[in-house]
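Overview (structure and organization)
The residues making up each chain are set out below.
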Amino acid sequence: MTASLSTIEPRYFRDVMGHLPTGVVVVAGRQVGTGEPAGLVVGTFQSLSLDPPLVNFSVALTSTSWPKIRPAGRFSASVLASGQNDVCRVLSSKRDDKFRAVAWHESADGNPRISGAHAWIDCEIRHELDGGDHVIVVADVRHLEAGEGEPLIFHRGRFGRYREISA
Ligand SMILES: Cc1cc2nc3c(=O)[nH]c(=O)nc-3n(C[C@H](O)[C@H](O)[C@H](O)COP(=O)(O)O)c2cc1C
């Protein structure tokens, strides 16, 4: 059992888990000191608890953006809308001028929100948990708002859109 677990190839793990479709969420905050926005794309964002309202996502230990966001203790999550695949490409890149290349505005909490997104959730970091080569970020929801349109879907390394098959 243990032997078979240890022989799972990371690439195969990714390929199989890629069959689980996800939404595409930009986690973004302001850097303490400069006030410059920083952000990255996550596919692991989800609701965790209703009372209290909590969300969680996981971020790689190698992320360069998360260490810029976390000192402020808060961030916004923008659920990308279909058609925002270019925003996803920019925010999941390593370029340091990500927020010059996308349309964004500020939330009431002062967090950067992606304009035209499908929903926004403003959060306060509660704690971080061990998640192997990622950390699991648990956060309290402060404000949230639904936008227009439909969500962007990520499945097997490709972008798609939602299609309703029953009422
Ligand atoms: C659809 C999609 C989902 C992703 N999900 C995650 C995730 O859940 N956690 C994570 O750490 N990186 C995730 N990434 C990768 C980061 O967005 C990417 O590594 C980003 O460049 C982070 O780099 P930086 O923090 O150094 O800026 C995802 C990328 C894409 C395109």
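Residues numbered from 1 in each chain as written. Predicted model: local features only at pLDDT ≥ 70, side-chain atom pairs only at ≥ 80, totals over all residues. Heavy atoms only, no water.

Put simply, the test is: UniProt positions are given in the numbering used here, feature names are shortened, and annotations may be inferred rather than shown by experiment.
Per an unreviewed UniProt entry, the protein is named Flavin reductase family protein, and its organism is Saccharopolyspora thermophila. Reading the Sequence similarities (unreviewed entry) entry of the UniProt record for the protein gives the comment "Belongs to the non-flavoprotein flavin reductase family."

1. Observations concerning the pairing of strand E4 (residues 46-49)
Definition in use: At least two bridges found by DSSP between two strands is the condition for calling them paired. Secondary structure is summarised from DSSP: a helix means a run of H or I of at least four residues, a strand means a run of E of at least two, and numbering begins at the N terminus for each.
Sheet topology note: the E4/strand E5 (residues 54-60) ladder contains three bridges and is antiparallel. Note that in E5 the partner of Ser-49 across the bridge is Leu-54. Linking E4 back to E5 in an antiparallel pair, the connection comprises four residues.

2. Examining the packing of aromatic side chains
Selection rule: Ring pairs are drawn from Phe, Tyr and Trp, using the six-membered ring of Trp, whenever the two centres fall within 6.5 Å, and their geometry is named by plane angle: stacked under 30 degrees, edge-to-face over 60, tilted for the rest. Throughout, exposure labels follow a simple rule: accessible area from a 1.4 Å probe, protein chains only, divided by the maximum for the residue type, with under 20% read as buried, over 50% as exposed, and the rest as partly exposed.
Within this structure, the stated rule accounts for six aromatic pairs. An angle of 90° between the planes, with centres 5.5 Å apart, marks the rings of Phe-57 and Trp-66 as edge-to-face. Just as Phe-57 is buried, Trp-66 falls in that class too. Linked through ring pairs, Phe-45, Phe-57, Trp-66 and Phe-75 together constitute an aromatic cluster.

3. Comments concerning the nonpolar core
Rules: Buried Ala, Val, Leu, Ile, Met, Phe, Trp, Tyr and Cys residues form a nonpolar core when they are joined through side-chain atoms within 4.5 Å.
Core analysis: the largest hydrophobic core is formed by 21 residues, its most contacted members being Val-27, Phe-45, Phe-57, Trp-66 and Phe-75. Here this core takes four residues from strand E10 (residues 134-146), the largest share from any one element. Counting residues in each nonpolar core, the second largest holds twelve residues, with Val-26, Val-90, Leu-91 and Phe-99 among its members.

4. Observations regarding the UniProt feature "domain: Flavin reductase like" (unreviewed entry) in the protein
Feature annotation in UniProt assigns "domain: Flavin reductase like" (unreviewed entry) to the following positions: residues 17-161. The annotated region residues 17-161 carries 8% helix and 49% strand content, and the separation between its end C-alpha atoms amounts to 19 Å.

5. Some points on the pattern of salt bridges
Threshold: Salt bridge, as applied in this entry: a Lys or Arg side-chain nitrogen positioned within 4 Å of an Asp or Glu carboxyl oxygen.
Inspection of the entire model under this criterion finds eight salt bridges. Measuring nitrogen to oxygen at the nearest pair gives 2.8 Å for the salt bridge that ties Arg-95 to Asp-97. The closest approach of N and O atoms between Asp-122 and Arg-113, which form a salt bridge, is 2.7 Å. On the basis of relative accessibility, which here comes to 7%, the residue Arg-113 falls in the buried class. Bridged by salt links that share partners, the residues Arg-113, Asp-122 and Glu-145 form one connected network.

6. Considering the site of the ligand
Filter applied, for reference: Proximity criterion: a residue is near a molecule or strand once any of its heavy atoms comes within 4 Å of it. As used in this structure description, the phrase polar contact means that two N or O atoms lie within 3.5 Å; if the pair is within protein, one of them must be able to donate a hydrogen and the other to accept it, and residues adjacent in sequence are counted only when both atoms belong to side chains. Note on areas: Shrake-Rupley with a 1.4 Å probe; residue coverage comes only from the protein chains shown. The nonpolar class holds Ala, Val, Leu, Ile, Met, Phe, Trp, Tyr, Cys and Pro. Asp, Glu, Lys and Arg form the charged class, and all remaining residues, Gly among them, are polar.
Of all residues adjacent to the ligand, which total 18 residues, the nearest are Ser-63, Thr-64, Ser-65, Ser-92 and Lys-94. Here Ser-93 contributes a backbone N or O atom positioned 3.3 Å from an oxygen atom of the ligand. The contact in question runs from an oxygen atom of the ligand to an N or O atom on the side chain of Lys-94, over 2.5 Å. Bound to the protein, the ligand loses 81% of the 630 Å² it would expose on its own. Going through the elements one at a time, strand E3 (37-42) and E5 are the ones with two or more residues in the shell around the ligand. Grouping the constituent residues of the shell around the ligand by class yields seven nonpolar, nine polar and two charged.

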